[in-house]
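# Examination of the molecular architecture
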Amino acid sequence: MHEKCGVVGISTADRNVARPLYYSLYALQHRGQESAGIVTHDGFQQYEHVEMGLVGDAFDEDDLDSLNGSNGIGHVRYPTSGSVNNCCAQPFSVSFKSGSLGLAHNGNLINTDEIREELAALGHAFTSDGDTEVIAHDLARNLLEEDLVRAVKRTMSRIHGSYSLTITHDETVLGVRDPQGNRPLCIGELDDGYVLASESAAIDTLDGDLVRDVRPGELVVLHDDGSGFDTYHLVETEQTAHCFFEHVYFARPDSVIDDELVYEVRRDLGGALWEESGIETDVVMPVPDSGRAFASGYADAAPDGVDFAEGLMKNRYVGRTFIMPTQDERERAVRLKLNPIKSTVEGKTVTVIDDSIVRGT
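With that settled, consider helix α11 (residues 327-337). By the burial criterion, the buried members of α11 are Arg330, Ala333 and Lys337. Along the axis of α11, the buried residues cluster in a sector spanning 65°; they form a single face. Tucked inside the fold, the buried residues of α11 contact β18 (312-314) and β19 (338-340).

Attention now moves to the packing of helix α4 (residues 112-121) against helix α5 (residues 131-143). At a minimum axis distance of 10 Å, the contact between α4 and α5 shows a crossing angle of 45°. The pairing of α4 with α5 is recorded here as oblique in orientation. Remark: the crossing between α4 and α5 carries left-handed chirality. Two secondary-structure elements touch here, α4 through Thr112, Ile115, Arg116 and Leu119 and α5 through Asp131, Val134, His137, Asp138 and Arg141. Considering only residue class, the contact of α4 with α5 consists of three nonpolar, two polar and four charged.

A few words on the layout of surface pockets. Think of a ball as big as a water molecule: rolled over the atoms, this probe shows where empty space is left. Approximately 1,400 Å³ is the volume attributed to the largest pocket. Taken together, 47 residues make up the lining of the largest pocket; nearest its centre are Tyr249, Pro288, Ser290, Asp354 and Asp355. Elements with a contribution of two residues or more to the lining of the largest pocket: α8 (244-250), α9 (262-277), α10 (292-301), α11 and β20 (350-353). The element that contributes the greatest number of residues to the lining of the largest pocket is α9, accounting for seven residues. Class assignment for the residues of the lining of the largest pocket results in 24 nonpolar, ten polar and 13 charged.

Here is what the cut-offs are and how they apply
Residues numbered from 1 in each chain as written. Predicted model: local features only at pLDDT ≥ 70, side-chain atom pairs only at ≥ 80, totals over all residues. Heavy atoms only, no water. Buried < 20%, exposed > 50% of the residue type's maximum accessible area, 1.4 Å probe, protein only. Helix = DSSP H or I, 4+ residues; strand = E, 2+ residues; numbered from the N terminus. Arc of directions from axis to C-beta. Contact = heavy atoms within 4.5 Å. Axes fitted to C-alpha atoms, helices over the stretch in contact; angles between N-to-C directions. Parallel < 35°, antiparallel > 145°, perpendicular 65-115°, else oblique. Left-handed = near helix turned anticlockwise from the far one by under 90°. Nonpolar A, V, L, I, M, F, W, Y, C, P; charged D, E, K, R; others polar. 1 Å grid on protein atoms, 1.4 Å probe; cavity = no way out; pocket = protein on both sides within 12 Å on 5 of 7 lines; lining within 4 Å. Points joined across faces, edges and corners; volume = space filled by probe spheres on them.

Here is the structure:
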């Protein structure tokens, strides 16, 4: 469950995209808090800024002003593979004979070591132990011999696993979704361009319109002038495998993923839980925040007399707790994070609805 980074890519007619990318990353902050980064291109030169920490801490006004260009990509990171340090922060950038490349990756490959050893034997030097750099090096190598579409197809035939990618090749922005469609990626239209993003909430933040999801195995190439996009279905698959945890927990409830509003999916799941395993109770309460839609759906499906109420108050300044290394640390963090509202629960039978049971804490 650590494989849920956020990616975004934007091409506009002539507007500097650093700030739209920055706002998009804010909208995707829930998908990663380890690092944040932006790569842009102005048609002549590639610019980048990548830092550890939250989006608001990683960039200041001077940083955004230094990122020139009307085309670019951005990334917020949860550790997928590789270390938790600057060398694995993204987007990953590389300059080579055929131009400049920037790559942001959400997902996890299963044959990283094999491809890294192959490329190292051919003289490629790696600066990190993450899988994103492996994808970038393989694509850069293919771009020496093929046009953009064929190079991407060749790389997709070599990498195996889950991935949604946003990529800059000089001033061209493109997006790729793995053949199973495991990781989300969608297309949005702006007044003066187009955007690719992990979730539609980022498009909403830019006052754009959701066009559709990127299809499994599809490459989307945004026009450099923001006038449109081209699509190429590069890999056929008999069966898709969307990540269920996106709908259960990770995605924002106001996002639309694979044509379904996440909030409504969660309410429907709550209602189905009542039909399957409902029990008589005085009050139904959620574990905030992502348990709310499930609990609301559960309570609505239950007979009259079952109240929905908030029974836990959340401290907004405590981060995610399920990835802490020891049970003692997790329990201490939960005590900091959640406090009961006694009047909701005292003397009552209570059903507590959470999105999932990861640790049982």
